[in-house]
Amino acid sequence: MKILIIGGVAAGTKAAAKLKREMGDAADVTVISKGDYISYAACGLPYYIGQVIKEKETLLENTPESFSELTGATVLTGIEATKLDRQAKVVYATNIKTGEELTYDYDKLVIATGARPVKPNLPGIELKNIFTLRDPDDADAIKAAVASGEVKRAVIVGGGAIGLEMAENLTKLGVRSSIIDMAEHVLPGYDGDFAAFAENELADHGIPTFLNDAITSFEGEGRVQKVRTGKRAIKTDMVIMSIGVRPNTEWLAGSGLNFVEGTSILDVDENMRTNDEDIYAAGDCAMVRNLVTGANQWTPMGSTANIAARLCAKSIAGTSKHGFRGVLGTNVLQLPGVNIGKTGLGIEAAKAAGYDAEHVTITCYDKAKFYPDMEHFSIRLVADRATRRLLGVEVLGKGTVDKIVDIGVTAISLGATIDKFDDMDFAYSPPFSSVIHPFAIAAEALENKMDGHLEGDTFKALEVGDDWLLLDVGKTPVIPTLRHVDVGSINGEISGIPTEQKVALICLEGKNSYMAQNRMLRYGYKNAKVVEGGTMFNYELKQDINN
């Protein structure tokens, strides 16, 4: 079987390698790629720029020659596909260096042409030192600009993963960085308060975020020296454009392949097959589905590309046991001062998708309280009220947040309800976890909330007004300006606080607030609410502490 693959980065090379492993010599696999690089780790480029990764070669997983030798597939670089003739089963292409017109026939075709960074047609966009980041050459150009000594300030346009990672790494190099995003928050897909926590941490580390704002022009003589937005002008020596990517599918115009309505993203089934039974697509140019909602979800990430391409290859080889069940929008990031991750639906996304959802936010230790480098996790779990099925997880902290995210991925993928975690035998040792695992603590808190044994929310969500009393119920005071009542001393009505009073219960993590609420309910307090996550999560209260 002659199999032609268009595109040689994540999806293309994964499909090629898996096809050869599954089919051996029965598959004549050829990969053509527009670029000179194949199979490189694009996710590592910000860290190569930041000199965390010292050698570019460590990001280049294979050369065309080494990949061919390893897998048995033929790899041709510098070849750009220009047209598809489905009836003749031919792809027309051009050799970029020589201009030679080429044709490639196939029995099965895999389209893995990926996507490219969006670079809007704004005044001044062609000035020097305005970059996008997609491949190793882009990274080298950014590194060279920084190494020149001319770059003291940088503006990153876009607050997604690449934009934030670039801000972190440029800051480490001594480049003062700021972020501009037209959205209300950075970190698309996260609940607003989790994103706001990250924004505050960025600000604390010298990286301001300018939100609800958009670039209108770039100014400078020869190279960029200023960016203008709808609200301000910012001096800069460098701009990193990170406002998203666009699928490389223009060459398929007139081919008759189906695109998702209103997009240039190829529509495929669970086996990554297009509307042509002999043509498949995977990676950033193809649509997938959300595992929770079943709705279309475009996820231009290397992890998704690899999963989809592997399943695509098995489908072609006839060895597939199942199709691509869907993605969860899983994400994890290292930021200055905090790591943050998510999977599935946050409470905002769950409600937008029509779920009658409940959520809880807790703060707990990431390992044994007595262990020297103990830090905290703030965790949010979201579940469907009717079925109690887990819908989403968000977590932030200085520790290994990915372990919380990955438990969530497993649980959501297997359709687990929130009650399944009560007796799970999670790993425990003081250097690794608290004796009750952080995920179990969060799950038990959400159980309590769904069963009516915990009432609360974050400080902002409670909409605390002037008619509320803010009560510090920690074992030791956390906010000096508030009245303090040690949770252990609540053994009846509290002097000076009537039982009908609206009370926001505050402590460091939220645990003592829950215990205080439990006690106060015994004594007739019906309006005492837990401030979930405590002062560790609620930045409004952290400011009160600092002041």
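What this report covers is the structure whose coordinates are included nearby. Just so you know, these numbers come straight off a predicted model, no measurement behind them.

Looking now at helix H1 (residues 10–23). Between the first and last C-alpha of H1 there are 20 Å, a value that for 14 residues agrees with the 20 Å anticipated at 1.5 Å per step. The buried fraction of H1 amounts to ten of the 14 residues, a majority that puts the element mostly inside the structure. For H1, the complete set of buried residues consists of Ala11, Gly12, Thr13, Ala15, Ala16, Ala17, Lys18, Leu19, Lys20 and Met23. For H1, the elements touching its buried residues are strand E1 (2–6), strand E2 (28–33), strand E3 (38–40), helix H3 (64–71), strand E9 (108–111) and helix H7 (302–317). Once H1 finishes, Gly24 follows within two positions and takes phi at roughly 60°, a positive value.

All right, on to the sheet that holds strand E6 (residues 79–85) then. Taken in spatial order, the three strands make up an open sheet running E6-E7-E8, and their pairing is antiparallel. A single partner strand is all that each edge strand has here, and the edge strands are E6 and strand E8 (101–105). Taking each pair of neighbouring strands and ignoring which way they run, the sheet shows an average axis angle of 30°. Note that E6 and strand E7 (residues 90–95) share six bridges and pair antiparallel. Residue Glu80 lies in a different strand from E7, and its bridge partner there is Thr94.

All right, on to the nonpolar core then. In terms of nonpolar packing, the biggest core is built from 52 residues, with Ile3, Ile5, Leu84, Val91, Leu109 and Ile111 touching the most fellow members. It is H7 that provides the largest number of residues to this core, a total of seven residues. Sequence-distant contacts of Leu109, defined by excluding residues within four places in its chain, comprise Leu4, Ile6, Leu84, Val91, Asp278, Ile279 and Tyr280. Counting 39 residues, the second largest nonpolar core, distinct from the first, contains Tyr48, Leu59, Val151 and Ala167.

Bringing the side chain of Thr13 into the picture now. Summarising the element assignment, Thr13 is placed in helix H1. Overall, Thr13 belongs to the buried group, its relative accessible area being 7%. A distance of 3.4 Å separates a polar atom in the side chain of Thr13 from the backbone oxygen of Ala10. Ignoring sequence-local partners within four residues, the contact set of Thr13 consists of Gly7, Gly8, Ile38, Ser39 and Phe67.

Right, let's talk about the pairing of strand E18 (residues 238–241) for a bit. In regular strands, side chains alternate between the two faces of the sheet. Side-chain alternation along E18 places Met238 and Ile240 on one buried face and Val239 and Met241 on a second face that is also buried. Taken together, the four bridges between strand E12 (residues 153–157) and E18 define a ladder with parallel strand orientation. Looking at E18, one finds that Val155 is bridged to Val239.

Further remarks concern the packing of aromatic side chains. The geometry of two aromatic rings is summed up by the distance between their centres and the angle between their planes. Tallying each qualifying case throughout the model produces five aromatic pairs. Ring centres of Tyr37 and Tyr40 lie 6.3 Å apart, and the angle between their planes is 80°; this geometry places the pair in the edge-to-face category. An angle of 55° between the planes, with centres 4.9 Å apart, marks the rings of Phe421 and Phe439 as tilted. Separated by 18 residues along the polypeptide, Phe421 in the loop between helix H9 (401–413) and helix H10 (438–450) and Phe439 in helix H10 bring together distant segments of the chain. Across this residue pair, the class does not change: Phe421 and Phe439 are buried. Taken together, the ring pairs in this structure connect Phe194, Phe197, Phe537 and Tyr539 into an aromatic cluster. When the ring centre of Tyr92 is taken as reference, the NZ or CZ atom of Lys83 above it lies at 6.0 Å. For the cation-ring pair, Lys143 lies above Tyr48, with the distance from its terminal atom to the ring centre recorded as 4.2 Å.

This next bit is on the sheet that holds strand E32 (residues 528–531). Spatially, E28-E32-E31-E29-E30 is the arrangement adopted by the five strands of the open sheet, whose pairing is parallel. A strand with exactly one partner marks an edge of an open sheet, and here the two such strands are strand E28 (456–457) and strand E30 (483–484). Pairing of strand E29 (residues 468–472) with strand E31 (residues 502–506) involves five bridges; the strand directions are parallel. Looking across to E31, one finds that Trp468 is bridged to Lys502. Contacting E31 and E32, helix H11 (residues 511–522) crosses the sheet at an angle of about 170° to E32.

With respect to the helices and strands, the residue Asn248 is situated in the loop between strand E19 (245–247) and strand E20 (279–281). With ten residues separating them in the primary sequence, Asn248 and Met238 have C-alpha atoms 26 Å apart. Beyond its immediate stretch of four places on either side in the chain, Asn248 contacts Thr113, Gly114, Ala115 and Arg116. At 2.7 Å, the side chain of Asn248 forms a polar contact with the side chain of Arg116.

Note: most peptide bonds trans; most residues except glycine with negative phi. Of note, Gln51 is a non-glycine position whose phi angle comes to about 70°, a positive value. Note that Gln51 resides in the loop between helix H2 (45–49) and strand E4 (60–62). Here the phi dihedral of Asn212 falls at roughly 50°; this positive angle occurs in a residue that is not glycine. With respect to the element layout, Asn212 can be found in the loop between strand E14 (209–210) and strand E15 (215–219). Asn212 sits in the partly exposed class, given a relative accessible area of 43%.

Cut-offs used in this document
- Residues numbered from 1 in each chain as written.
- Predicted model: local features only at pLDDT ≥ 70, side-chain atom pairs only at ≥ 80, totals over all residues.
- Heavy atoms only, no water.
- Helix = DSSP H or I, 4+ residues; strand = E, 2+ residues; numbered from the N terminus.
- Expected span 1.5 Å × (residues − 1).
- Buried < 20%, exposed > 50% of the residue type's maximum accessible area, 1.4 Å probe, protein only.
- Contact = heavy atoms within 4.5 Å.
- Pairing = 2+ DSSP bridges.
- Axes fitted to C-alpha atoms, helices over the stretch in contact; angles between N-to-C directions.
- Core = buried A, V, L, I, M, F, W, Y, C linked by side-chain atoms within 4.5 Å.
- Polar contact = N/O pair within 3.5 Å; in protein donor to acceptor, adjacent residues only side chain to side chain.
- Phe/Tyr/Trp six-rings, centres within 6.5 Å; stacked < 30°, edge-to-face > 60°.
- Lys NZ or Arg CZ within 6 Å of the ring centre and 35° of its normal.

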